[in-house]
Amino acid sequence: MLNQVVLVGRITEIPEAEEKNKIIISVPRAFKNSDGEYDVDFIPVQLFKPLNESVKEYLTTGDLVGVKGRLQVIDKELLVVAEKLTFLSSKSKEEEED
């Protein structure tokens with residue numbers, strides 16, 4: 001059996017509290033809706049301590065990340081548990097280049 005998820009999206013929320021090791025990423029869908037716009041899904045991603053510390057130190061809202069993980073139900077909530085997090089770009093660096 002296989003339970004694997006791969007996502008690429010922008011960080012929309014990084015909780016401040018240490019006990020909340022979770023981020024929310026926005027992932028646009030691959031197709032347009034009836035209004036001709038791309039819908040966006042906001043997906044909760046559970047992080048464990050080493051990943052959580054890296055996110056809080058190096059990333060901010062708007063940064064692009066890749067997440068490899070698995071789906072899991074935790075406290076009656078379906079979320080992605082991150083096994084690997086890749087920093088793809090920093091929004092602040094992109095803005096500096098413009």
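Residues numbered from 1 in each chain as written. Predicted model: local features only at pLDDT ≥ 70, side-chain atom pairs only at ≥ 80, totals over all residues. Heavy atoms only, no water.

Participant: Could you give me a rundown of the pattern of salt bridges, with the residues and numbers involved?
Facilitator: A side chain of one charge can pair with a side chain of the opposite charge when the charged atoms of the two come close. Under the criterion given, the structure shown has four salt bridges. Of the charged contacts, one joins Arg29 and Asp39 as a salt bridge, the two residues approaching to 3.9 Å between their closest N and O atoms. Taken together, the positions of Arg29 in strand β2 (residues 22–32) and Asp39 in strand β3 (residues 38–46) put the pair 10 residues apart, joining distant regions of the chain. You can call Asp39 partly exposed: its relative accessible area is 28%. Each of Arg29, Asp39 and Asp41 takes part in salt bridges that share partners, so that together they form one network. (Salt bridge = Lys/Arg side-chain N within 4 Å of Asp/Glu carboxyl O. Helix = DSSP H or I, 4+ residues; strand = E, 2+ residues; numbered from the N terminus. Buried < 20%, exposed > 50% of the residue type's maximum accessible area, 1.4 Å probe, protein only.)

Participant: Any details on unusual backbone geometry? Residues and values, ideally.
Facilitator: In the Ramachandran plot, Asp75 falls in the positive-phi region, its phi being about 50° despite a non-glycine side chain. Along the chain, Asp75 falls in the loop between β4 (64–74) and β5 (77–89). Unusually for a residue other than glycine, Lys76 sits at a positive phi of about 65°. If you trace the backbone, Lys76 turns up in the loop between β4 and β5.

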